[in-house]
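Take a look at the letters that make up each chain.
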Amino acid sequence: MPVKDLLARIEELRDVMTSCQEKMSSLVKDYQVNVLQTAAVIAAAKITEEKAGIEKKRQRLRKQIEKERERSQETVKNVCSSAGKTIEALIRDQEKELREAVKCAEQQQEVEIAETQAKTDQKITDRKRKHSALQEECDDYEEDFECADCGRRSPCMFMCDQCHATTYCNELCQERDWDNHQKHCTAEVD
């Protein structure tokens, strides 16, 4: 074969090779596009599947939350009921203790009143006895003295034990006048 033919054949083979390369390049591009499209479809399917899974989980969680909410409300209701009963029991106990304390205080007050009444009765009896004895002694006096507390005049009066200058009808008048007389009595004693 002549060289010219060989060169023509090489040229022809080069053209075929270039054409093959272009076709192959086109096929590779088409293949890549198909792979990308397939990957996109698979990814979209997986995303859809995951969305569905997430939605199922979301619904399960909503149901669990609702059940927990119902349990919590029931628990709160039970706690409130129990607390109410406990508070009522405490109030009853406190009322009972208060009634007992009031009863005890009333009894103690009755005892104190009785003791005070007995002391008062004894003081009155003692004062009447002293007054009667004093009245008998005073029947001989002609001069009238004036009570520093009530102003009553009588020949029979008590005298202040400290200053012996102020006179009183009885110990009660002396006790009532003590705040006033104390200022003068102390001055006269000193």
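- Under an unreviewed UniProt entry, the name given to the protein chain is MYND-type domain-containing protein, and the source organism is Porites lobata.

1. Structural notes on the overall build of the protein chain
Argument step 1. A count of helices and strands for the protein chain gives two helices and four strands.
Argument step 2. Secondary structure elements of the protein chain, listed N to C terminal, follow the sequence α-β-β-β-β-α.
Argument step 3. For a compact globule of 190 residues, the expected C-alpha radius of gyration is about 16 Å, and the protein chain comes in at 61 Å, more than 25% above that figure.
Argument step 4. Per-residue burial for the protein chain yields a buried fraction of 9% across its 190 residues.
Argument step 5. Sequence separation of at least 24 residues holds for 22% of the intrachain contacts in the protein chain that already meet a minimum separation of 6.

2. Focus on the UniProt feature "domain: MYND-type" (unreviewed entry) in the protein chain
Argument step 1. Here, the residues flagged by UniProt with the feature "domain: MYND-type" (unreviewed entry) are residues 147-185.
Argument step 2. Across residues 147-185 one finds 38% helix and 15% strand; the C-alpha atoms that close the span lie 15 Å apart.

3. A few points about the pattern of salt bridges
Argument step 1. Taken as a whole and assessed by the stated rule, the structure comprises eight salt bridges.
Argument step 2. In this structure, Glu 55 and Arg 58 form a salt bridge, with 3.4 Å as the shortest nitrogen-oxygen distance. Of the two residues, Glu 55 and Arg 58 both sit in helix α1 (residues 3-138), three residues apart, roughly one turn of that helix.
Argument step 3. Overall, the relative accessible area of 41% leaves Arg 58 in the partly exposed class.
Argument step 4. The shortest N-O distance in the salt bridge between Glu 146 and Arg 153 comes to 3.3 Å.
Argument step 5. Glu 146 sits in the partly exposed class, given a relative accessible area of 45%.

4. Notes on a nonpolar patch on the surface
Argument step 1. Together, Val 3, Leu 7 and Ile 10 make up an exposed nonpolar region whose accessible area comes to about 290 Å².
Argument step 2. Secondary-structure assignment places Val 3 in helix α1.

5. Concerning the nonpolar core
Argument step 1. Within the largest apolar cluster, five residues are counted, these being Cys 147, Met 157, Tyr 168, Cys 169 and Cys 173.
Argument step 2. With residues up to four places along the chain from it excluded, the contact list for Cys 173 reads Cys 147, Asp 149, Cys 150 and Tyr 168.

What counts, and where the lines are drawn
- Residues numbered from 1 in each chain as written.
- Predicted model: local features only at pLDDT ≥ 70, side-chain atom pairs only at ≥ 80, totals over all residues.
- Heavy atoms only, no water.
- Helix = DSSP H or I, 4+ residues; strand = E, 2+ residues; numbered from the N terminus.
- Rg over C-alpha atoms; globule rule 2.2 N^0.38 Å.
- Buried < 20%, exposed > 50% of the residue type's maximum accessible area, 1.4 Å probe, protein only.
- Contact = heavy atoms within 4.5 Å.
- UniProt positions renumbered as here; feature names shortened; annotations may be inferred.
- Salt bridge = Lys/Arg side-chain N within 4 Å of Asp/Glu carboxyl O.
- Patch = residues over 30% accessible without salt bridge, like charges linked within 9 Å, V, L, I, M, F, W, Y side chains within 5 Å.
- Areas by Shrake-Rupley, 256 points an atom, 1.4 Å probe, with all protein chains shown as cover.
- Core = buried A, V, L, I, M, F, W, Y, C linked by side-chain atoms within 4.5 Å.

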